[in-house]
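Letter by letter, the chains look like this.
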Amino acid sequence: MSSVRMKFLCDLDRCIDCDGCSVACDSGHELALDVRRRRVITLNEGIPGKEFSTSMACMHCTDAPCAQVCPVNCFYIREDAIVLHDKNTCIGCGYCLYACPFGAPQFPRGGIFSTKGAMDKCTMCAGGPEETNSKEEFHIYGQNRIAEGKVPLCAAMCATKALLVGESTEVDRIYRDRVVARKYSRGASQTPSTYPGNAW
Amino acid sequence: MRKILFFITLATGLFADNKEFIDQIQGDSSVWGEGRFINIPTYYDNGFAKFFVDWQGNGYFAMLAAVAILAVIVAFAGHYAIVGPKHFSHSHGKIYAFNVIERLVHLIAAVAWVVLVPTGVIMMFGEEFGGGFFVRLCKNLHGLATILFAISLIPMFAFWFVRMLPATYDLKWMFMVGGYLSKNKKPIPAGKFNAGQKAWFWVATVGGFFMIVTGALMYFLDYPAPVINETLGLSQIDVLRLSAIVHNILGAACAVFLLVHIYMAVFAIKGSIHAIITGYKEEEEVYILHHYWYQELLKKGEIKPSVFEQKYTNLK
Ligand code: SF4
Ligand code: SF4
């Protein structure tokens, strides 16, 4: 069990900027309008041969920097490497956002004096510390599809199956097989296999 | 009819939510817009992310603050035990030092700092306090107290800054640590404010200004700020990282200076806190600790020669 490591991978040759993943996420988790856990963006738009799109959310990093900097230590990393946090402990300081390489943590606005609400980010559809599949868990964190044995919404909804999520060796194998079969590859945006800090 | 309906939908589309909706889905966000992707390489290349994660992740900021605060407290305890407080006569004349506006502005700043420093320290040690409601409350109080401090900052600066400019005798004051290492009473080279008070003033005003700015940058988080970004040559997320670094380190300095200030006013010079409450300083205290100010007042004819002229030496 502990050898299972979940990861995200977005195949840059397949993503067509349809926004299926982000719409599925926003809608399925009933997110507030100002929170976008997943986003699709096109880079080098209009430059022939260089334009590509990718889908990005929390990448559930190894030794996640967000969890390292949180002053109230509200993060917990599951055995399967999914990085989750407790919104009731979070104080909305924003440090996790400063530390995150992918700009994943989000802060709903609109509290009194426009204070930042508790941090919100992708849960890889694994809910939160609340009782699994309870009303509270859904209300605070969204669907817990992992507990139901389902693939996270974004990847399930991806029309071209550019976005993959699952056990890391399996995800890597699928991507490798694809590249071998189609004989070209622009690359992938994926969960870093080592702590980003190690790259320094 | 259809035309009218068309216009109504058009109008609502324009005025109701169009812009707001686009804002809300972060189309114009300086953190979660395109920058979110462009920032990925800067996370690896730019020093701020590394420094911030290292320091915050290993608790160095909190350790720095804790060590500094503990060191000051130990130093005070030692000073109090070994040298002991200075007492000045409360039965001689008094010299009017602070008018009512100065005292009021100081009071506002004082209330603000007494809230700001402990709540800031609690946030640094948020984990020890269990996070959640209590620490969140402290964070909100920290924000509210900032408004108070911001109100007092400009008048405070305006009232005192001329007298807070450094003078040559400040060096002498520093070499003798303001005479606090002995209980001997002999005139100390200092104007209305001594070098220590001057240092505190600059930390509180200029340092405080940067605390407000960096705090506000972090508080508002996501806003288009091309001027800041261009002058610093940093993306919004790096501005935030830099703000957090500056805020944490400067915050430790502010905490230390506040403690020194309180220790001086309440313990080291017994009863000197009354000067900022009533406006009057004890004549003996002024003669000894603010000797040049005494001479200045004398020359201006605002006070009469003190009986302490006989008792103590006089500075040139
Ligand atoms: S992508 Fe960001 S929020 Fe997600 S685990 Fe990594 S650092 Fe944390
Ligand atoms: S915003 Fe919340 S989760 Fe993020 S670092 Fe601060 S307390 Fe931790």
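Conventions adopted
- Residues numbered from 1 in each chain as written.
- Chains lettered and ligands numbered in written order.
- Predicted model: local features only at pLDDT ≥ 70, side-chain atom pairs only at ≥ 80, totals over all residues.
- Heavy atoms only, no water.
- Helix = DSSP H or I, 4+ residues; strand = E, 2+ residues; numbered from the N terminus.
- Rg over C-alpha atoms; globule rule 2.2 N^0.38 Å.
- Contact = heavy atoms within 4.5 Å.
- Areas by Shrake-Rupley, 256 points an atom, 1.4 Å probe, with all protein chains shown as cover.
- Lys, Arg positive; Asp, Glu negative; His and termini not counted.
- Charge placed at Lys NZ, Arg CZ, Asp CG, Glu CD.
- UniProt positions renumbered as here; feature names shortened; annotations may be inferred.
- Buried area = accessible area lost by both parts, 1.4 Å probe.
- Salt bridge = Lys/Arg side-chain N within 4 Å of Asp/Glu carboxyl O.
- Polar contact = N/O pair within 3.5 Å; in protein donor to acceptor, adjacent residues only side chain to side chain.
- Nonpolar A, V, L, I, M, F, W, Y, C, P; charged D, E, K, R; others polar.
- Buried < 20%, exposed > 50% of the residue type's maximum accessible area, 1.4 Å probe, protein only.
- Near = heavy atom within 4 Å.
- Disulfide = S-S within 2.5 Å.
- Pairing = 2+ DSSP bridges.
- Axes fitted to C-alpha atoms, helices over the stretch in contact; angles between N-to-C directions.
- Expected span 1.5 Å × (residues − 1).

Enquirer: Describe the overall build of chain B, naming the residues involved and giving the relevant values.
Expert: Looking only at helices and strands, one finds 14 helices and 2 strands in chain B. For chain B, whose C-alpha radius of gyration is 26 Å, the value lies well above the compact-globule estimate of 20 Å for 316 residues. Its C-alpha atoms give chain B principal-axis dimensions of about 100 × 50 × 35 Å. Taking contacts inside chain B between residues at least 6 apart in sequence as the whole, the part at least 24 apart equals 74%. Put simply, chain B shows about 16600 Å² of open surface, and 73% of that area lies on carbon and sulfur atoms. Side-chain charges in chain B split into 25 positive and 21 negative, and the spacing between the mean points of these groups amounts to 11 Å.

Enquirer: Let's hear about the UniProt feature "domain: Cytochrome b561 bacterial/Ni-hydrogenase" (unreviewed entry) in chain B: which residues, and what values?
Expert: Taking the numbering used here, the UniProt-annotated feature "domain: Cytochrome b561 bacterial/Ni-hydrogenase" (unreviewed entry) corresponds to residues 98-279 of chain B. Helix makes up 73% of residues 98-279 of chain B and strand 0%, and the two end C-alpha atoms of the span are 5 Å apart.

Enquirer: Go over the interface of chain B and chain A, please, and point to the residues and values.
Expert: Taken together, the contact between chain B and chain A spans 40 residues of the former and 45 residues of the latter. Of the roughly 3900 Å² buried where chain B meets chain A, counting both sides, 59% is carbon and sulfur surface. Its largest share of buried area at the contact with chain A, chain B owes to Arg-36, Phe-37 and Tyr-44 of chain B, together 19% of the area lost on that side. Connecting chain B to chain A are 0 salt bridges. Between the two partners, chain B and chain A, sit 18 residue pairs in polar contact (both at pLDDT 80 or more). In terms of residue class, the side of chain B that touches chain A is built from 21 nonpolar, 11 polar and 8 charged.

Enquirer: Quick one: what's the story with the environment of Met-119 of chain A, residue by residue and with numbers?
Expert: All names here are of chain A. Along the chain, Met-119 turns up in the loop between α3 (95-99) and α4 (135-141). With a relative accessible area of 1%, Met-119 lands in the buried category. If near-sequence neighbours (up to four positions away) are discounted, Met-119 is found in contact with Phe-75, His-85, Lys-87, Cys-90, Cys-96, Pro-105, Gln-106 and Phe-107.

Enquirer: Tell me about the UniProt feature "transmembrane region" (unreviewed entry) in chain B, residues and numbers included.
Expert: Residue and element names in this part refer to chain B. Cross-referencing UniProt, the feature "transmembrane region" (unreviewed entry) maps to residues 60-83, 104-126, 141-162, 199-221 and 241-266 in the present numbering. Note that residues 141-162 is 91% helix and 0% strand, and that its end C-alpha atoms are spaced 32 Å apart. Its end C-alpha atoms 31 Å apart, residues 199-221 is made of 96% helix and 0% strand.

Enquirer: Explain the pattern of salt bridges to me, using residue names and the numbers behind them.
Expert: Residues and elements named next belong to chain A. Per the stated rule, a full pass over the model turns up 20 salt bridges over all chains. A salt bridge links Asp-172 to Lys-7, with the nearest nitrogen and oxygen atoms 2.8 Å apart. Highlighted residues: Asp-172 in helix α6 (residues 168-182) and Lys-7 in strand β1 (residues 6-11), separated in sequence by 165 residues. For Asp-172, a relative accessible area of 27% puts it in the partly exposed group. Residue Lys-7 is classed as buried on the basis of its relative accessible area, which comes to 7%. The salt bridge involving Asp-80 is made with Arg-78; its shortest N-O contact spans 2.7 Å. Taken together, the shared-partner salt bridges connect Asp-11, Asp-13, Arg-178, Arg-182 and Arg-186 into one network.

Enquirer: An account of the site of ligand 2 is requested, with residue identities and associated values reported.
Expert: Taken together, 14 residues lie around ligand 2, and Cys-70, Cys-90, Cys-93, Gly-94 and Cys-96 of chain A are the ones closest in. Of the residues contributing to the shell around ligand 2, the split by class is 12 nonpolar, 2 polar and no charged.

Enquirer: How would you explain the site of ligand 1 if you had to name every residue and give the values?
Expert: In the region of ligand 1, 14 residues are neighbours, and Cys-58, Met-59, Cys-61, Cys-66 and Cys-100 of chain A sit closest. A breakdown of the residues in the shell around ligand 1 according to their chemical character gives 12 nonpolar, 1 polar and 1 charged.

Enquirer: Residue-level account of the state of the cysteines, with values.
Expert: Applying the stated rule across the entire model yields 0 disulfides over all chains. Among the cysteines around Cys-25 of chain A, which has no disulfide bond, Cys-154 of chain A carries the closest sulfur, lying 6.6 Å off.

Enquirer: Tell me about the sheet that holds strand β6 (residues 163-167) of chain A, and please be specific about residues and values.
Expert: Residues and elements named next belong to chain A. One open sheet holds the 3 strands; their spatial order is β6-β1-β7, and the pairing between them is antiparallel. At either margin of the open sheet sits one strand with a lone partner, and together these are β6 and β7 (188-190). Adjacent strand axes in the sheet meet at a mean angle of 20°, parallel and antiparallel pairs treated alike. Each of β1, β6 and β7 is contacted by α6, which is oriented at about 140° to β6, the strand it contacts most.

Enquirer: Outline helix α6 (residues 132-160) of chain B, listing residues and values.
Expert: Residue and element names in this part refer to chain B. Helix length check: α6 (29 residues) gives 41 Å between terminal C-alpha atoms against 42 Å at 1.5 Å per residue, within 8%. By the burial criterion, the buried members of α6 are Gly-132, Val-135, Cys-138, Lys-139, His-142, Ala-145, Phe-149, Ser-152, Leu-153, Met-156 and Trp-160. In this structure, the buried side of α6 is in contact with α5 (100-124), α8 (195-220) and α10 (236-268).

Enquirer: Go over the environment of Val-40 of chain A, please, and point to the residues and values.
Expert: Residues and elements named next belong to chain A. On the secondary structure map, Val-40 appears in strand β2 (residues 39-43). The class for Val-40 is buried, based on a relative accessible area of 12%. Once residues within four sequence positions are removed from consideration, Val-40 is found in contact with Cys-15, Asp-17, Asp-19, Cys-21, Ser-22, Thr-54 and Ser-55.

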